[in-house]
Amino acid sequence: MVNTVNEHNYFQRISKAWGESDIKKKHPEWAWSLAATQLYTDSLVIVGFNWGAAQMEKYDPQEILPDQPWPKQDLGSLARTLPYLQTYFPDIDLDTIVQTNYCFFRSHKEGDISSRDVVLTHSIFLDLLQDLRPKHVLVFSAILRDRILPQLNHIKEAEITSGNKKPKAIRATWSIGGREIPVGIIPHPNNAITGEARDKCWEHVKP
């Protein structure tokens, strides 16, 4: 039986935080979202930095979570992760993957999110991870990597070379709610590195 976390308390908390945010003062039309999937427990959680927003577009605050499983959605560049997930995380049911973000507020650029706005959603995000009890957390965002590294434990960074680039692959744990949650941080699928280097990144962070 697949269990899920009730989202309504999180909707309320994020809505309150949004009302106090810096980004809302500049762009009230962008709003916020909680997750791109149902909140499945005991699964793999993919975490980005924040939700995107197009200039001159208006977004409504999220009121319902999508029923469609993550692999069957329009994943854009993240679709490239599917074969790697099947290879390196074979024990994970791809249909119960959770996709969310560290900051729930939308913006056109990651840099539009102030440090104060990150603080406003930080405790909400940690509570969400505690409730989800993930088997593993995967991060593809360099800006998120730099923000959360000071919070992580048992950090092991792989030395990987891709042409003249040196992409980072990091495995660590995140102590949340008395549990040490495994975390893998690897380059975004859009990051231009060799296939061999990408395989080494995934190999480094696999369970």
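Computed from a predicted model, the values in this text were never measured in an experiment.

Student: Is there a simple way to explain the packing of helix α1 (residues 8–19) against helix α4 (residues 115–132) in this structure?
Tutor: In a pair of packed helices, the angle between the axes and the distance between the axes together describe the arrangement. At a closest axis distance of 9 Å, the pairing of α1 and α4 adopts a crossing angle of 165 degrees. Considering their axes alone, α1 and α4 lie roughly antiparallel with respect to each other. Relative to α4, the crossing made by α1 is left-handed. On α4, the residues touching Y10, R13, I14 and A17 of α1 are L120, S123, I124, D127, L128 and D131.

Student: Teacher, can you tell me more about the packing of aromatic side chains here?
Tutor: Each aromatic ring pair is specified by the distance between its two centres and by the angle formed by the two planes. In total, this model carries eight aromatic pairs according to the counting rule given. Considering the side-chain rings of Y84 and W202, the 5.4 Å spacing of their centres and the 15 degrees angle between planes classify their relative orientation as stacked. Of this pair, Y84 sits in helix α3 (residues 82–88) while W202 sits in helix α6 (residues 195–205), placing them 118 residues apart in sequence. The same class applies to Y84 and to W202, which are both buried.

Student: Sorry if this is basic, but what is going on with the pairing of strand β5 (residues 136–139) here?
Tutor: The side chains of a regular strand alternate between both faces of the sheet. Here β5 shows a buried face lined by H136 and L138 and a second buried face lined by V137 and V139. In this sheet, β5 lies alongside strand β1 (residues 44–48) in parallel orientation, the contact comprising four bridges. From the neighbouring strand, I46 faces β5, where its bridge partner is L138. Judged from the three bridges that link them, β5 and strand β8 (residues 179–185) form a sheet pairing that is parallel.

Student: In this structure, what is going on with the pattern of salt bridges? I would like to understand it.
Tutor: Two side chains with opposite charge may pair up if their charged atoms get near one another. In total, this model carries 10 salt bridges according to the counting rule given. Two residues, D127 and R13, come together in a salt bridge whose shortest N-O distance is 2.9 Å. Of this pair, D127 sits in helix α4 while R13 is found in helix α1, placing the two residues 114 residues apart along the sequence. With a closest N to O distance of 3.0 Å, D146 and R145 form a salt bridge. On the accessibility criterion, R145 (16% relative accessible area) is buried. Look at the salt bridges and you will find they share partners, linking D22, K25 and R116 into a network.

The rules behind these values
- Residues numbered from 1 in each chain as written.
- Predicted model: local features only at pLDDT ≥ 70, side-chain atom pairs only at ≥ 80, totals over all residues.
- Heavy atoms only, no water.
- Axes fitted to C-alpha atoms, helices over the stretch in contact; angles between N-to-C directions.
- Helix = DSSP H or I, 4+ residues; strand = E, 2+ residues; numbered from the N terminus.
- Parallel < 35°, antiparallel > 145°, perpendicular 65-115°, else oblique.
- Left-handed = near helix turned anticlockwise from the far one by under 90°.
- Contact = heavy atoms within 4.5 Å.
- Phe/Tyr/Trp six-rings, centres within 6.5 Å; stacked < 30°, edge-to-face > 60°.
- Buried < 20%, exposed > 50% of the residue type's maximum accessible area, 1.4 Å probe, protein only.
- Pairing = 2+ DSSP bridges.
- Salt bridge = Lys/Arg side-chain N within 4 Å of Asp/Glu carboxyl O.

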